[in-house]
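Below, each chain spelled out in residue letters.
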Amino acid sequence: MSGYQEKEYNTSSLNIALWKKIFGLMKNSKIFIITSIFLVMNAVGEAVFPIFYKFAIDSFASGKVSLEYLPYFIVLISLNIIFVCFACYMFFYMAGKIEMSFSYDIRKICFEKLQNLSFAYYDVTPSGWIVARVSNDVARLAEIVSWAFVDVIFGFISMIFMLVIMIMANLRLALMIIILMPILFAITYYLQNRVLFHSRKVRSINSKIVHGFNEGITGAKTTKTLRLEKDNYDNFKQETSNMYNSSVKRGMVASLFNPLIFGFSGIASSLLLYFGGNMVLGETLEFGTLLMFVQYVTTLFSTMRPIAADICDLQMAQASGERVIGLIDTPLKIVDDPEVIERYGTKLAPKISNYENIQGDVNFVNVDFAYLPQQYVLQDFNLDVKHGEMIALVGETGSGKSTIINLLCRFYEPVNGQILIDGVDYKKRSLGWLHSNIGYVLQSPHLFSGSIADNIRYGKLDATLDEIKEVCKLIKADEFIEQLPDKYDSQVGEGGNLLSTGQKQMLSFARALIKAPKIFVLDEATASIDTQTEKVIQYAIDHVMKNHTTFIVAHRLSTIVNADKILVIKNGKIQEMGRHDELMALKGYYHHLYTNQFSDETLDEALMDLTIN
Ligand SMILES: Nc1ncnc2c1ncn2[C@@H]1O[C@H](COP(=O)(O)OP(=O)(O)OP(=O)(O)O)[C@@H](O)[C@H]1O
Ligand SMILES: [Mg+2]
């Protein structure tokens, strides 16, 4: 995550507005109400158990009630067991359902958001951060919302029922227990927070170690060439020892819980037995009631730890919640206006029947653009392109060629000025309309996992295999595809990494070509392709794309000699513009570039001939 500053999230105070928002994201709120009903049933059913014991001792064991009523009592107690089992099953089942539907709802919202976020967002946000949000944070949030919330509510409801029963049975004894409860809860909560603190530390060191491993593996060759092994090893040793220390501290604090609860239960039971015992002897309290109190105390005190743990979990999950909501609330920089959406629909629900046919005229009118505030890459940029023209962009690295392409594709929008397509500001038409009419082969081609045919079909979803083969033949990609064991069904691997860069470029070229777009954009699309194949592709561009507006960015100038307009870009401005022979006649920068490159290429070819011979 180099250079990316993760925001610090607040976990110390409960952010009610945030939780409201999180629960608001859940489509099916009925599920919470149904779960709460089972939860209350379960809590009541469990809380009344000690009353049965009290009754058994005080009535049957003491002989106050005849044993002939015992079968009824057994039936009653059995019914309660069935009731609790049923409520418990339903409550767990519903909590699981909440977890599933919650993560489904949130992931869907996140996914839609990610589809709509602009390039600028992906420029500054590491992909690992995004993946962590939609996987770990959503999973954590869903788990907490379903289990911890439900657990805390269950714990509190059970406690309230038990306390009410105790108060009704004997106020003095009940008060004795009530006084002890906040003390135990405060200590438990403090310890739980310490556990959380150390857990967080362990987790943060762990991610550093994982990151280190990752860099160590992916950068293994660089590490060796730079002789960084010792430094890396020392860092690793330091981090693992920090992790060990934090883990030991966490373990030490966590081990205090059981003795603490045991001790408190012991104190409370002793007090109960002492005072309650005296009452029993003085015949102001029934023996069964005393036993019922002892039982409640043990249950009450052991409920404290899960409640404290859940509250801490909720605080931790608040950070996950803030991160997920942060992603969902990220403002969209490139969006269609409401009236445009009204007419053309969204990308996910387009109204294609309203899409106008496109000619392919393009105008940049006084366009200013900056990726970062005030750092202009283009200033007052103007360009007029008639449909069917081929425009070539050449210039030094960083001069702004890809930026012009990015603006044309509306991956970014001009800060000032307009871009017109067929004389209409492209913001007045939808992103979906524009992208369905542009075919682009980007500077770094990306393929998706799947087969070669699948990847080409992304350009035209209903393309037949014959159409795919035809387009591949046109650019001679069929030659390498036919040599693969599975031909068009060959898998390309993640991101296309089972293929060479040149092969990836050819496939992304075929993918754009099959779409037969009115505007065709090639950003260094032939940089990794050998000169022979490049000539074939050139032929395809010249002939297939004859009536289509084409923008080509090329370092190798031999590919663009036929362009209708060659723009030499320098520092975001057009320095020279014209056809190849016009620019050559100018004897300016293009002439210089071309003659230098041409002599380099002739030298390369001569060397190649020598090696072949
Ligand atoms: N996402 C970005 N955020 C900030 N600055 C950027 C971004 N992309 C490009 N730039 C800057 O904008 C300027 C123009 O970049 P651009 O990618 O358009 O150059 P280019 O002409 O395509 O170069 P190359 O021939 O190397 O591909 C450069 O100074 C570059 O550093
Ligand atoms: Mg570029």
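Refer to the structure printed above.
Counting restarts for each chain, with residues numbered from 1 along the sequence as it is written. Chain letters start at A and ligand numbers start at 1, both assigned in the order the entries are written. At least 70 in pLDDT is required for a residue's local features to be given in this predicted model, at least 80 for side-chain atom pairs to be given and counted, and no such filter applies to totals for whole chains, interfaces and linings, which use all residues. Side-chain metrics in this entry use all non-hydrogen atoms of the structure; hydrogen atoms and water are not considered.

Caption draft 1: Representation of the overall build of the protein. Each helix corresponds to a stretch of at least 4 residues labelled H or I by DSSP, and each strand to a stretch of at least 2 residues labelled E; elements are numbered beginning at the N terminus. Assigned secondary structure in the protein consists of 21 helices and ten strands. Classification of residues uses two cut-offs on accessible area relative to the type maximum, computed with a 1.4 Å probe and protein chains only: under 20% is buried, over 50% is exposed, and between them is partly exposed. Evaluated residue by residue, the protein yields a buried proportion of 45% over its 613 residues. In the protein, 77% of the contacts between residues at least 6 apart in sequence involve partners at least 24 apart. Accessibility throughout is a Shrake-Rupley quantity obtained with a 1.4 Å probe, and a residue counts as covered only by protein chains that appear here. When the accessible surface of the protein is split by element, carbon and sulfur atoms take 60% of a total near 32,600 Å². In this description, contact between two residues means that some pair of their heavy atoms is separated by no more than 4.5 Å.

Caption draft 2: Quick look at the side chain of Ser320. Turning to its location among the elements, Ser320 is positioned in helix 11 (residues 287–328). Apart from residues lying up to four places away in sequence, Ser320 is in contact with Asp137, Arg140 and Leu141.

Caption draft 3: Representation of unusual backbone geometry within the structure. Here Glu283, not a glycine, exhibits a phi torsion of approximately 60 degrees, which is positive. If you trace the backbone, Glu283 turns up in the loop between helix 10 (257–281) and helix 11. Judged by relative accessible area, which is 71%, Glu283 ranks as exposed. Of note, Lys587 is a non-glycine position whose phi angle comes to about 55 degrees, a positive value. Looking at where Lys587 falls in the secondary structure, it is placed in the loop between helix 20 (580–586) and helix 21 (589–612). Residue classification places Lys587 among the exposed residues on the basis of a relative accessible area of 60%.

Caption draft 4: Up close: the packing of aromatic side chains. Pairing of aromatic side chains requires ring centres within 6.5 Å, counting the rings of Phe and Tyr and the six-membered ring of Trp. Pairs whose planes differ by under 30 degrees are stacked, by over 60 edge-to-face, and all others tilted. Taken as a whole, this structure holds 25 aromatic pairs when the rule is applied. Considering the side-chain rings of Phe55 and Phe73, the 5.7 Å spacing of their centres and the 25 degrees angle between planes classify their relative orientation as stacked. With Phe55 in helix 3 (residues 49–61) and Phe73 in helix 4 (residues 70–116), this residue pair connects regions lying 18 residues apart in the sequence. On the accessibility criterion, Phe73 (11% relative accessible area) is buried. Here the aromatic cluster, defined as three or more aromatic residues joined through ring pairs, consists of Phe49, Phe52, Phe55, Phe60 and Phe73. The positively charged end of Arg429 is found above the aromatic ring belonging to Trp433, 4.8 Å away from the centroid. Criterion for a charge above a ring: Lys NZ or Arg CZ within 6 Å of the ring centre, and within 35 degrees of the ring normal.

Caption draft 5: Up close: the packing of helix 1 (residues 16–24) against helix 11. Running from N to C, helix 1 and helix 11 cross one another at 65 degrees; their axes reach a closest spacing of 10 Å. As the angle between them shows, helix 1 and helix 11 are arranged roughly perpendicular. Seen along the crossing, helix 1 lies across helix 11 with a hand that is left-handed. Contact residues: helix 1 offers Leu18, Trp19, Lys21 and Ile22, while helix 11 offers Leu314, Ala317, Gln318, Gly321, Glu322 and Ile325. Gly falls in the polar group here, along with every residue not listed as nonpolar (Ala, Val, Leu, Ile, Met, Phe, Trp, Tyr, Cys, Pro) or charged (Asp, Glu, Lys, Arg). Taken together, the residues that form the contact of helix 1 with helix 11 break down as six nonpolar, two polar and two charged. Helix axes use the C-alpha atoms of the stretch in contact, all axes being lines fitted to C-alpha atoms, and the angles between their N-to-C directions lie in the range 0 to 180 degrees. Between 65 and 115 degrees an angle is taken as roughly perpendicular, under 35 as roughly parallel, over 145 as roughly antiparallel, and anywhere else as oblique. Should the near helix be turned anticlockwise from the far one by less than a right angle, the crossing is left-handed, and should it be turned clockwise, the crossing is right-handed.

Caption draft 6: Looking closely at the pairing of strand 4 (residues 416–421). A pair of strands is considered paired only if DSSP assigns at least 2 bridges between the two. Bridge count for strand 1 (residues 362–372) against strand 4 is five bridges, and the pairing is antiparallel. Its bridge partner being in strand 4, Phe364 is matched across the sheet by Ile419. As defined by bridge partners, strand 4 adjoins strand 5 (residues 424–425) across two bridges and the pair is classed as antiparallel. Residue Ile421 lies in a different strand from strand 5, and its bridge partner there is Val424. Count of turn residues in the strand 4/strand 5 antiparallel hairpin: two residues, of which Asp422 carries a positive phi of about 50 degrees.

Caption draft 7: Local environment of the sheet that holds strand 5. If you walk across this open sheet you meet the four strands as 2-1-4-5, and the pairing is antiparallel. Among the strands making up the open sheet, the edge pair consists of strand 2 (375–385) and strand 5. Across the sheet, helix 13 (residues 401–408) is in contact with strand 1, strand 2 and strand 4; its angle to strand 1 comes to roughly 115 degrees.

Caption draft 8: Broad picture of helix 18 (residues 501–514). The end-to-end C-alpha distance of helix 18 is 20 Å, a good match for the 20 Å that 14 residues give at a rise of 1.5 Å each. Taking burial as the measure, the 14 residues of helix 18 include twelve buried ones, the bulk of the element. All buried positions along helix 18 are accounted for by Gly502, Lys504, Gln505, Met506, Leu507, Ser508, Phe509, Ala510, Arg511, Ala512, Leu513 and Ile514. Once helix 18 finishes, Ala516 follows within two positions and takes phi at roughly 45 degrees, a positive value. For a helix, the expected span equals 1.5 Å multiplied by the residue count minus one.

Caption draft 9: Highlighting the packing of helix 4 against helix 11. Direction vectors running N to C along helix 4 and helix 11 enclose 40 degrees, while the axes themselves pass 9 Å from each other. Classified by the angle between their axes, helix 4 and helix 11 sit oblique to one another. Side by side, helix 4 and helix 11 meet where Ile106, Ile109, Cys110, Lys113 and Leu114 of the first sit next to Val324, Leu327 and Ile328 of the second. Of the residues in the contact of helix 4 with helix 11, the class split is seven nonpolar, no polar and one charged.

Caption draft 10: The pattern of salt bridges, seen in detail. The rule for a salt bridge is simple: a side-chain nitrogen of Lys or Arg has to be within 4 Å of a carboxyl oxygen of Asp or Glu. On inspection of all chains with the given rule, the structure shows 13 salt bridges. Residue Glu356 pairs with Arg343 through a salt bridge whose shortest N-O separation is 3.3 Å. Taken together, the positions of Glu356 in the loop between helix 12 (338–344) and strand 1 and Arg343 in helix 12 put the pair 13 residues apart, joining distant regions of the chain. Accessibility expressed as a relative area gives 25% for Glu356, which makes it partly exposed. Linked through salt bridges whose partners overlap, the residues forming this network are Asp336, Arg410, Glu413 and Lys427.

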